[in-house]
Amino acid sequence: MIFPFAGLALGFLVGGTLAARRGGKRSDIVQYACVYAIIFGLIGLFALILIERVLA
């Protein structure tokens, strides 16, 4: 159950850091952080579903 939440947090950090390194403004940083959080959260959700189906 922790994989989607961990994906959200990791994606938020990765996206924010990436945008900040590229010299983005605050709105760019927030947008990158949110998009990466959604992507990583979905990856974590699919990983959780796959694990539950295989192990259960």
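Preceding this section is the structure that the text describes.
On a predicted model such as this, the values are computed, not experimentally measured, just so you know.

K.L.:
Run through the overall build of the protein chain, naming residues and quoting values.
P.N.:
Counting its secondary structure elements, the protein chain contains two helices and zero strands. Its C-alpha radius of gyration of 13 Å places the protein chain more than 25% over the 10 Å reference for a compact globule of 56 residues. C-alpha extents for the protein chain along the principal axes are approximately 45 × 15 × 10 Å. Among the 56 residues that make up the protein chain, the fraction classed as buried is 20%. Residue pairs at least 24 apart in sequence account for 56% of intrachain contacts in the protein chain once pairs closer than 6 positions are excluded. Accessible surface computed for the protein chain: about 4,400 Å², of which carbon and sulfur atoms make up 73%.

K.L.:
Break down the environment of Leu50 for me, citing the residues and quoting the values.
P.N.:
Tracing the backbone through its elements, the reader meets Leu50 in helix α2 (residues 26–55). Its relative accessible area of 55% is what places Leu50 among the exposed residues.

K.L.:
Go over helix α1 (residues 2–21) with me, naming the residues and quoting the values.
P.N.:
Spanning 20 residues, α1 covers 28 Å between terminal C-alpha atoms, matching the ideal 28 Å at 1.5 Å per step. Burial in α1 covers these residues: Pro4, Gly7, Gly11, Gly15, Gly16 and Ala19. Down the axis, α1 shows its buried residues gathered within 150° of arc, on one side only. α1 presents Ile2, Phe5, Leu13 and Arg21 as exposed residues on the side facing more than 90 degrees away from its buried surface. Buried residues belonging to α1 abut α2.

K.L.:
Hey, could you go over a nonpolar patch on the surface for me, with residue numbers and the actual values?
P.N.:
A cluster of nonpolar residues, Met1, Ile2, Phe3, Phe5, Leu8, Leu50, Ile51, Val54 and Leu55, forms a patch on the protein surface that exposes about 1,000 Å² of accessible area. Secondary-structure elements contributing two or more residues to the nonpolar patch are α1 and α2. Locating Ile2 in the fold gives a position in helix α1. Given the relative accessible area of 57%, Ile2 is considered exposed.

K.L.:
Give a description of the packing of aromatic side chains that names residues and reports values.
P.N.:
Across all of its chains, the model carries two aromatic pairs by this definition. For the pair Tyr32 and Tyr36, a centre-to-centre distance of 6.2 Å together with 15° between the ring planes defines the contact as stacked. A residue pair is termed a helical-turn pair when its members lie 3 or 4 positions apart in one helix, as Tyr32 and Tyr36 do in helix α2 at four residues. On the accessibility criterion, Tyr32 (30% relative accessible area) is partly exposed. Aromatic pair Tyr36 and Phe40: ring centres 6.1 Å apart, planes at 55°, arrangement tilted. Of this pair, Tyr36 and Phe40 both sit in helix α2, separated by four residues, roughly a single helical turn. Using a relative accessible area of 25% as the deciding quantity, one classes Tyr36 as partly exposed. One aromatic cluster is present, built from ring pairs that chain together Tyr32, Tyr36 and Phe40.

Conventions we followed
Residues numbered from 1 in each chain as written. Predicted model: local features only at pLDDT ≥ 70, side-chain atom pairs only at ≥ 80, totals over all residues. Heavy atoms only, no water. Helix = DSSP H or I, 4+ residues; strand = E, 2+ residues; numbered from the N terminus. Rg over C-alpha atoms; globule rule 2.2 N^0.38 Å. Buried < 20%, exposed > 50% of the residue type's maximum accessible area, 1.4 Å probe, protein only. Contact = heavy atoms within 4.5 Å. Areas by Shrake-Rupley, 256 points an atom, 1.4 Å probe, with all protein chains shown as cover. Expected span 1.5 Å × (residues − 1). Arc of directions from axis to C-beta. Patch = residues over 30% accessible without salt bridge, like charges linked within 9 Å, V, L, I, M, F, W, Y side chains within 5 Å. Salt bridge = Lys/Arg side-chain N within 4 Å of Asp/Glu carboxyl O. Phe/Tyr/Trp six-rings, centres within 6.5 Å; stacked < 30°, edge-to-face > 60°.

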